[in-house]
Amino acid sequence: MNSPLPSAVAALLDQQQGDRVLMVDDVPDNLSLLHDALDEHGYIVLAATSGEAALACVQQGRPDIVLLDAMMPGMDGFEVARRLKADPSTAHIPIIFMTGLTETEHLVAALQAGGVDYVTKPLDPRAVLARMQVHLQGARQARQTRQALDAFGYASIAVRASSGRLLWQTPLARELLQLYYGTIAPQTPAPVLAWLRKTLDEMASHSPADGMPPPEPARLCAELGARRLSFRLHHCIGEETPGGGPGAGPAVGAAAGGDWLIVMREVSDVAVIRSLGLAFSLTAREAEVLYWVVKGKINRDIGEILGASPATVKKHLERIHAKLGVETRTAAASMALTRVREMHPQWEV
């Protein structure tokens, strides 16, 4: 139970539907009690009986929520939670503590370690399921938002202005930051952090007394050959700010040192191909083929560009037709072009 998941198992989990739940408890009987209830409700259940096994399982099994025993020998649940929250790739996963400790200081410690909720032992499966539903809904909405941003070519990151720590990032954002700056989370690229702090200082110095709205924050741009990456400050996500709301623009004042959502967008043919793949659930090679179809290339030309035979290109195109639900090359090109123009208005065929 404590061994890391084989890659084949992890791949199988990726193909399955339903939320994945990781249960962590050093008492197997506690795991058995919850396992049946979760399984009956359609959850994919993972289990670990130690803190070390839990961390390995999170990395390979990618659960949507963690049910975590607070008191375990060796690495306890509090330390597991702190490590998960310190890693930007797992910080978004909601953690519900399972504890027999009801003293206030223990419950506060669970929340300070990164837990979003707690349930007390002996466990009532109905109460656990109810708590899970609440937090899974919020996590699901956040995940869908990040995926939608990536699909439309908008990568996003969250940065803590005071410490410069990169709190989380979408998969596309991770790829772009490594490509343009050679950095990985939790490090925020120095030019991005300097731009963020300068922008916040300028926003904080704006006086609302003149009745004029604050100016639109300046954008940051980075170039890599023919590729261009722009950064736009979106809004503060770290704390509430009076006067906020839809259309209010980035908040200032007390929140200026909080956590900020930054949206990035790349302008390049590579970005267009990536967006096609995300929008239509295509493989990388299928997205490339569709891109060149939109460009008006025939199979022979596409094969020469991609280093493949025309027959191979034809097979890719057949799978593309099936995924797009069309029967002709023209229909596929038309649908793809419409989507590209929605996602990249500045792009030209």
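Presented here is an overview of the structure given in this document. The model shown is predicted, which means the values in this text are computed figures rather than measured ones. (Residues numbered from 1 in each chain as written. Predicted model: local features only at pLDDT ≥ 70, side-chain atom pairs only at ≥ 80, totals over all residues. Heavy atoms only, no water.)

1. Considering the overall build of the chain
- From N to C terminus, the chain includes 13 helices and ten strands.
- Burial status across the chain gives 45% buried among its 349 residues.
- Only carbon and sulfur atoms are counted for the fraction: they give 54% of the accessible area of the chain, which is about 17,600 Å². (Helix = DSSP H or I, 4+ residues; strand = E, 2+ residues; numbered from the N terminus. Buried < 20%, exposed > 50% of the residue type's maximum accessible area, 1.4 Å probe, protein only. Areas by Shrake-Rupley, 256 points an atom, 1.4 Å probe, with all protein chains shown as cover.)

2. Some points on the sheet that holds strand β1 (residues 20-24)
- The strand order β2-β1-β3-β4-β5 describes an open sheet built from five strands, whose pairing is parallel. Each edge of the open sheet is held by one strand with a lone partner, namely β2 (44-48) and β5 (117-120). Across the sheet, the axes of successive neighbouring strands diverge by a mean angle of 20°, strand direction being ignored.
- The sheet contact formed by β1 and strand β3 (residues 65-69) spans four bridges and is parallel. Across the sheet, Leu 22 pairs through a bridge with Val 66, a residue of β3. (Pairing = 2+ DSSP bridges. Axes fitted to C-alpha atoms, helices over the stretch in contact; angles between N-to-C directions.)

3. Focus on the pattern of salt bridges
- A complete count under the given rule lists 15 salt bridges for this structure.
- In this structure, Glu 288 engages Arg 285 in a salt bridge whose closest nitrogen and oxygen atoms are separated by 2.8 Å. Taken together, the positions of Glu 288 and Arg 285, both in helix α10 (residues 284-294) and three residues apart, correspond to about one turn of that helix.
- Residue class for Arg 285 comes out partly exposed when judged on its relative accessible area of 32%.
- Salt bridges here are not isolated pairs; linked through shared partners, they connect Glu 175, Arg 227, Glu 266 and Arg 274. (Salt bridge = Lys/Arg side-chain N within 4 Å of Asp/Glu carboxyl O.)

4. Some points on the pairing of β5
- Burial along β5 is one-sided: Asp 117 and Val 119 are buried, and none of Tyr 118 and Thr 120, which face the opposite way, are.
- In this structure, strand β4 (residues 95-99) lies alongside β5, joined through four bridges in parallel fashion. Bridge pairing links Met 98 to Val 119 in β5.

5. What about the packing of α10 against helix α11 (residues 299-306)?
- Between α10 and α11, whose axes approach to 10 Å, the crossing angle comes to 130°. When the axis of α10 is compared with that of α11, the two are oblique. Of the two elements, α10 crosses α11, and the hand of that crossing is right-handed. For the pair α10 and α11, contact is made by Arg 285, Glu 288, Val 289, Trp 292 and Val 293 and by Ile 302, Ile 305 and Leu 306, respectively. (Parallel < 35°, antiparallel > 145°, perpendicular 65-115°, else oblique. Left-handed = near helix turned anticlockwise from the far one by under 90°. Contact = heavy atoms within 4.5 Å.)

6. Re unusual backbone geometry
- Between Lys 121 and the following residue, Pro 122, the backbone shows a cis peptide bond with an omega angle of 0°.
- Between Ala 185 and Pro 186 the backbone carries a cis peptide bond, its omega angle lying at 10°.
- Along the polypeptide, Pro 186 turns up in the loop between α7 (171-181) and α8 (190-204).
- For Arg 62, which is not glycine, the phi torsion reads 45° and is therefore positive.
- Mapping Arg 62 onto the fold places it in the loop between α3 (51-61) and β3.
- Here Arg 62 falls in the partly exposed class, since its relative accessible area comes to 36%.
- Even without being a glycine, Ser 281 presents a positive backbone phi close to 55°.

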